[in-house]
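Residue strings, one per chain:
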Amino acid sequence: MSMYLKDSPPRSPRETLPTMYDLPSETIGEPGMPDEFHGIQALFLKETFRPPCIPPDEVFSAMDLNLYYDVRYPLRYKRPDWFGVVGVPRLYDGQVMRNSYVVWQEGVSPLVIVELLSPGTQKEDLGQILRDVEGVPTKWEVYERFLRVPYYVALNGDTGELHFFQLSGDRYQTISSEEKKLWIPSIELGLGLWQGSYDGKQRLWLRWFDKEGTWIPTSNEQAAQAKAEAAQAKAEKEAVLHQMTQEKTEKEAALQQLEKLTAKLKELGIDPGQI
């Protein structure tokens, strides 16, 4: 037996530690998104999280998905309203959609996490309470000390109050921004507040923007832009054709006039070529 163990190759974490297939993706009776805004805002972030410098198949983002963070307590997880990861396959093992995100299997922590504040979770989300009696870490502690997520954002959707935090050493430091915008250089994207309509709802939203300050378009906006560009191209083509037709008509009219003048000169016995 000892010889067998000695000669056997080391087993990978996929073989020895719980994977997303072993861990529950939901808990019966556990509430999901607390209101309609939470779900739609998270979807808005997911739809527009498209770092221009990262291949799309190396970008993963999720909303309200179990995030397992401590292999010592494999059943412990947090459920961020939204989080984004770069440097991992878009699909698990390049093949399937994830049931959950298991950090010790993925090998990469989220780059940014967004929590949407509500009365029942605000103190925990902002690091204003300690662990519970069972010693389970709070979201703030997990993001800051266990996962070491570089950027953490918290938004109160009702008031527009926005909090930006960046990991500095072992602790989060508040990032002050009069413009209420956060720039993340490594992915060439920023987060900011945008007033407008998404999913038919007119209000203040948290949205991604590029280095030019342009808001990353949604799929509907891209389709509308493509439609507008196609309509403009069609209009320009029709204008050119109209101009060509008009020029042709004018040329034909000029030729007819010239023919009439030539015929008149000949009637008068004048050779047009001598004029």
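Residues numbered from 1 in each chain as written. Predicted model: local features only at pLDDT ≥ 70, side-chain atom pairs only at ≥ 80, totals over all residues. Heavy atoms only, no water.

## Some details on the overall build of the chain
Helix and strand counts for the chain come out as seven helices and 12 strands. On C-alpha atoms alone, the chain measures out to a radius of gyration of 32 Å, which is more than a quarter above the 19 Å that the 2.2 N^0.38 rule sets for 275 residues. In terms of its C-alpha atoms, the chain occupies a principal-axis envelope of roughly 120 × 60 × 40 Å. Counting over 275 residues, the chain shows a buried share of 36%. (Helix = DSSP H or I, 4+ residues; strand = E, 2+ residues; numbered from the N terminus. Rg over C-alpha atoms; globule rule 2.2 N^0.38 Å. Buried < 20%, exposed > 50% of the residue type's maximum accessible area, 1.4 Å probe, protein only.)

## Considering the pattern of salt bridges
This structure, assessed with the given rule, holds 11 salt bridges. The residue arginine 145 makes a salt bridge to glutamate 141 at a minimum N-O spacing of 3.9 Å. Of this pair, arginine 145 and glutamate 141 both sit in helix α6 (residues 139-146), four residues apart, roughly one helical turn. Take glutamate 141: its relative accessible area is 12%, and that puts it in the buried class. Notably, a salt bridge pairs aspartate 199 with lysine 201, separated by 3.0 Å at the nearest N-O pair. (Salt bridge = Lys/Arg side-chain N within 4 Å of Asp/Glu carboxyl O.)

## Thoughts on the nonpolar core
In this structure, Trp82, Val114, Val153, Ile184, Ile187, Leu206 and Trp208 are the most contacted members of the largest nonpolar core, which totals 30 residues. Of all the secondary-structure elements, those providing two or more residues to this core are α3 (36-48), β6 (112-116), β7 (151-155), β8 (162-168), β10 (181-184), β11 (189-198) and β12 (201-209). Of all hydrophobic cores here, the second largest spans 23 residues; its members include Leu67, Val85, Tyr152 and Leu167. (Core = buried A, V, L, I, M, F, W, Y, C linked by side-chain atoms within 4.5 Å.)

## A few points about the pairing of β7
When you tally the buried positions in β7, you get five out of five residues, the bulk of the element. With burial as the criterion, each face of β7 is covered, one bearing Tyr151, Val153 and Leu155 and the other bearing Tyr152 and Ala154. With five bridges joining them, β6 and β7 adopt parallel strand pairing. The partner of glutamate 115 across the bridge, within β7, is alanine 154. In textbook terms, the turn of a hairpin is the stretch between consecutive antiparallel strands, and for β7 and β8 this stretch comprises six residues, one of which, glycine 160, has a positive phi near 80°. (Pairing = 2+ DSSP bridges.)

## Describing the sheet that holds β12
Overall, antiparallel pairing links the three strands, which are arranged β10-β11-β12 in an open sheet. Strand pairing shows two members of the sheet lacking a second neighbour, β10 and β12, which therefore form its edges. Taken over all neighbouring pairs, the strand axes of this sheet differ in orientation by 30° on average, direction set aside. Across nine bridges, β11 lies against β12 in antiparallel orientation. (Axes fitted to C-alpha atoms, helices over the stretch in contact; angles between N-to-C directions.)

## Topic: α3
Spanning 13 residues, α3 covers 19 Å between terminal C-alpha atoms, matching the ideal 18 Å at 1.5 Å per step. Within the span of α3, buried status applies to Phe37, His38, Gly39, Ile40, Gln41, Ala42, Phe44, Leu45 and Thr48. Buried residues along α3 sit against β4 (82-86), β6, β7, β11 and β12. Residue aspartate 35 occupies the N-cap position of α3, its side-chain oxygen lying 3.2 Å from the main-chain nitrogen of phenylalanine 37. (Expected span 1.5 Å × (residues − 1). Contact = heavy atoms within 4.5 Å. Polar contact = N/O pair within 3.5 Å; in protein donor to acceptor, adjacent residues only side chain to side chain.)

## Here's the deal with the sheet that holds strand β5 (residues 101-102)
One open sheet holds the three strands; their spatial order is β3-β2-β5, and the pairing between them is mixed. Among the strands making up the open sheet, the edge pair consists of β3 (77-78) and β5. The pairing of strand β2 (residues 67-68) with β3 spans two bridges and is classified as antiparallel. Across the sheet, residue leucine 67 finds its bridge partner in β3, namely lysine 78.

## Re the confidence of the model for the chain
Predicted confidence across the chain gives a mean pLDDT of 88, with 92% of residues reaching 70 or more. Under a pLDDT of 50 for its full length, residues 1-5 has, in the predicted model, zero contacts with residues more than four places off or in other chains. (pLDDT = per-residue confidence, 0-100.)

## Considerations on the environment of arginine 171
With respect to the secondary-structure elements, arginine 171 resides in strand β9 (residues 171-174). In this structure arginine 171 comes out as partly exposed when scored by relative accessible area, which is 39%. Considered as a pair, arginine 171 and glutamate 144 are 27 residues apart in the sequence and their alpha carbons are 6.3 Å apart. The contacts of arginine 171, once residues within four sequence positions are left out, are Glu144, Arg145 and Gln166.

## A few points about α6
Counting buried positions over the eight residues of α6 gives six, a clear majority of the element. Where α6 is concerned, the buried positions are Lys139, Trp140, Glu141, Val142, Tyr143 and Glu144. After α6 finishes, the residue arginine 148 shows a positive phi value of roughly 50°.

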